[in-house]
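# Architecture and fold: a report
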Amino acid sequence: MKPLSLDRLVPSYIKSFEAYIPSKPDEELKKLYHTPFLYRLNNNENSLGAPPAAQEVIKKFTPSRAAIYPSGDSYYLRQKLANRFHMDPDQFLIGNGANEVITFVVKAFCQKGDNIITADKTFAVYEWVATFSGFEARLVPLRDYAFDDEGILERIDKRTKIIFICNPNNPTGTYWDKERLKRFLDRIDNRNIVVVDEAYFEFVEKEDYPDCISLIPEYPNLVVFRTFSKMYGLAGLRIGYLAGNLDVVNTIRKTCVVYSVNAIAQEAAHAALDDMEHIAKTRKYVKDGKDFLRKELIRMGLPYIIGEGNYIMIRLPINDTLAYRKLMNQGIMVRTMTGFRFPNHIRVTISGLPIMEAFINGLKKIL
Ligand SMILES: *Cc1c(COP(=O)(O)O)cnc(C)c1O
């Protein structure tokens, strides 16, 4: 047999792509860092968990149903979303997390030589999917920690297909208000697909924050992402969705592999959507947590960046990887930000007060 020639088989854009290495399972981390417990403040999860109605659905799932394929296109969940937003069920596509719908959009619109535009310091998956699919990802530097509309408009060329805006931005928490977003969309004038990732939509309390799903009739090139991983506490089940103009979504639908969303996720998400009380409770603990952290960090003299969303970024006088290890030894897991191009920064998920106090105490110990 001839030796396998990966060199010939693998495209150059895959060869040069650096694979992302996920964190080890909690049990392994606890052993590694000699800690009996772990506060997960690294992934912006909801520390209250899923809404009670969704937890009930999960408990009641009949095990024998595991042998049966789920609805291939999340039929009932799309109906529910359609009723909620007064749209056609076909204007929604459900994915295995919002992460999966990113791949649908890139596949639907990009071909050889095309590019996408996003920011340099934002959720990295837009850039990764474009790059490992062989398309150029143009990264426009943030301006004042926010997406730079003028900078993005300058980088658009004939081959630009998609612009990804993370609103509010992960990890900086900045957002474009409705006026700024509409001004941007007016200037794009339907020449490109504009994706607005609203993964943290349910956390935002500001009056001038735009609800992009309501703007879809006005802007047919607008595609909106939402997820059940953050506010709705279903990150482990992997479910998110996109919404858009009917023709646009019918095009994107061609690229999605059916059956990627499992039955429990579909049913739990369906139940979670009704629980307004859970949203209110979550918002309350996030607000209290933010107030507490602001006060403590000012007292400690540590610069921080906080905005909408259930997270805060903190600049440390030490290396972020070193800080990560030292906090892990105390059972506190944060996110290092060097990979997000914010060296010496950590991102911390806002949790309930006792855990935030433990975090501040841990931070004081290591600095
Ligand atoms: C967490 C997150 C997502 C992905 O969510 P999943 O539905 O879990 O894949 C997408 N965008 C942003 C900005 C996020 O922070």
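Note that the coordinates shown come from a computational prediction; the quantities given were computed from them, not determined experimentally.

In this section: the domain arrangement of the chain. Many authors give the size of an interface as the accessible area that is lost as the parts come together. Segmenting the chain into domains produces domain 1 (11-50 + 276-366) and domain 2 (52-272). Each partner contributes to the interface: domain 1 provides 30 residues, whereas domain 2 provides 36 residues. Across the domain 1 to domain 2 interface the summed buried area is about 2800 Å²; carbon plus sulfur atoms make up 63%. Linking domain 1 with domain 2 are three salt bridges, by the criterion used here. Measuring nitrogen to oxygen at the nearest pair gives 3.9 Å for the salt bridge that ties Arg283 to Glu205. Our count for the contact surface shared by domain 1 and domain 2 stands at eleven residue pairs in polar contact (both at pLDDT 80 or more).

So, about the side chain of Arg138. Summarising the element assignment, Arg138 is placed in strand β4 (residues 136-140). A relative accessible area of 13% means that Arg138 is categorised as buried. There is a polar contact of 2.8 Å between the side chain of Arg138 and the backbone oxygen of Arg155. In this structure the side chain of Arg138 is engaged in a polar contact, spanning 2.9 Å, whose partner is the side chain of Asp157. Beyond its immediate sequence surroundings of up to four residues, Arg138 is in contact with Asn115, Ile116, Ile117, Thr118, Arg155, Asp157 and Thr160.

Let us look at the site of the ligand. Surrounding the ligand, one finds 13 residues, the nearest of these being Ala98, Asp197, Thr227, Ser229 and Lys230. The side chain of Asp197 places a nitrogen or oxygen atom 2.6 Å from a nitrogen atom of the ligand. About the coverage of the ligand: the protein hides 94% of its 390 Å² of free accessible area. Considered class by class, the residues forming the shell around the ligand number five nonpolar, five polar and three charged.

Secondary-structure assignment places Ser74 in the loop between α4 (52-59) and α5 (75-85). Those residues within four positions of Ser74 in sequence are excluded, and the remaining contacts are Ile94, Val261 and Gln266.

The next subject is the sheet that holds β4. Spatially, seven strands are ordered β2-β8-β7-β6-β5-β3-β4 in an open sheet, and the strand pairing comes out mixed. Both edges of this open sheet fall to β2 (92-95) and β4, since each of them pairs with a single strand only. On average, adjacent strands in this sheet sit at an angle of 20° to one another, irrespective of strand direction. Across four bridges, strand β6 (residues 193-197) lies against strand β7 (residues 222-227) in parallel orientation.

The next thing to look at is the pattern of salt bridges. The final tally for this structure, using the stated rule, is 33 salt bridges. With a closest N to O distance of 3.1 Å, Asp90 and Arg78 form a salt bridge. Of the two residues, Asp90 is situated in the loop between α5 and β2 and Arg78 in helix α5; the sequence distance between them amounts to twelve residues. With relative accessibility at 6%, the residue Arg78 sits in the buried group. In this structure, the salt-bridge partner of Glu277 is Lys281, at a minimum N-O distance of 3.8 Å. Placement of both Glu277 and Lys281 in helix α12 (residues 276-300) is noted, with a separation of four residues, approximately one turn of the helix. Relative accessible area serves as the criterion here: at 54%, Glu277 is assigned to the exposed category. Through salt bridges with shared partners, a single ionic network connects Asp73, Arg78, Asp90 and Arg253.

Next up on the list: helix α10 (residues 246-253). Burial in α10 covers these residues: Val248, Val249 and Ile252. An end-on view of α10 places all buried positions within 95° of arc, on one side of the element. Buried-residue contacts for α10 involve β2, α6 (98-109), β6, β7 and β8 (240-244).

On to the layout of surface pockets. In this model, the second largest pocket occupies a volume close to 230 Å³. Surrounding the second largest pocket, Phe203, Glu205, Lys206, Arg283, Val286, Lys287, Lys290, Asp291, Arg294, Gly307, Glu308 and Gly309 form its lining. The residue inventory of the lining of the second largest pocket, partitioned by class, reads two nonpolar, two polar and eight charged. Formed jointly, the lining of the second largest pocket draws a minimum of three residues from each of two domains, domain 1 (11-50 + 276-366) and domain 2 (52-272).

On to a nonpolar patch on the surface. Taken together, the side chains of Leu4, Leu6 and Leu9 present a nonpolar region at the surface, about 330 Å² in accessible area. Within the element layout of this structure, Leu9 appears in helix α1 (residues 6-9).

So, about the packing of aromatic side chains. The final tally for this structure, using the stated rule, is 20 aromatic pairs. Ring geometry for Tyr200 versus Tyr311: centroids 4.9 Å apart, planes at 70°, classification edge-to-face. Of this pair, Tyr200 sits in the loop between β6 and β7 while Tyr311 sits in strand β10 (residues 311-315), and the two are 111 residues apart along the sequence. Each ring, one from Phe228 and one from Tyr232, has its centre 5.3 Å from the other, and the planes form 45°; the classification is tilted. For the pair Phe228 and Tyr232, one class covers both residues: buried. An aromatic cluster is defined as three or more aromatic residues linked by ring pairs; in this entry it consists of Phe85, Phe92, Phe228, Tyr232 and Tyr241. If you follow Lys121 out to its NZ or CZ, it ends over the ring of Phe342, 4.6 Å from the centre. Over the aromatic face of Phe201 sits the side chain of Arg226, whose NZ or CZ is 3.6 Å from the ring centroid.

Rules used throughout
- Residues numbered from 1 in each chain as written.
- Predicted model: local features only at pLDDT ≥ 70, side-chain atom pairs only at ≥ 80, totals over all residues.
- Heavy atoms only, no water.
- Domains from an automatic or database assignment.
- Contact = heavy atoms within 4.5 Å.
- Buried area = accessible area lost by both parts, 1.4 Å probe.
- Salt bridge = Lys/Arg side-chain N within 4 Å of Asp/Glu carboxyl O.
- Polar contact = N/O pair within 3.5 Å; in protein donor to acceptor, adjacent residues only side chain to side chain.
- Helix = DSSP H or I, 4+ residues; strand = E, 2+ residues; numbered from the N terminus.
- Buried < 20%, exposed > 50% of the residue type's maximum accessible area, 1.4 Å probe, protein only.
- Near = heavy atom within 4 Å.
- Areas by Shrake-Rupley, 256 points an atom, 1.4 Å probe, with all protein chains shown as cover.
- Nonpolar A, V, L, I, M, F, W, Y, C, P; charged D, E, K, R; others polar.
- Pairing = 2+ DSSP bridges.
- Axes fitted to C-alpha atoms, helices over the stretch in contact; angles between N-to-C directions.
- Arc of directions from axis to C-beta.
- 1 Å grid on protein atoms, 1.4 Å probe; cavity = no way out; pocket = protein on both sides within 12 Å on 5 of 7 lines; lining within 4 Å.
- Points joined across faces, edges and corners; volume = space filled by probe spheres on them.
- Patch = residues over 30% accessible without salt bridge, like charges linked within 9 Å, V, L, I, M, F, W, Y side chains within 5 Å.
- Phe/Tyr/Trp six-rings, centres within 6.5 Å; stacked < 30°, edge-to-face > 60°.
- Lys NZ or Arg CZ within 6 Å of the ring centre and 35° of its normal.

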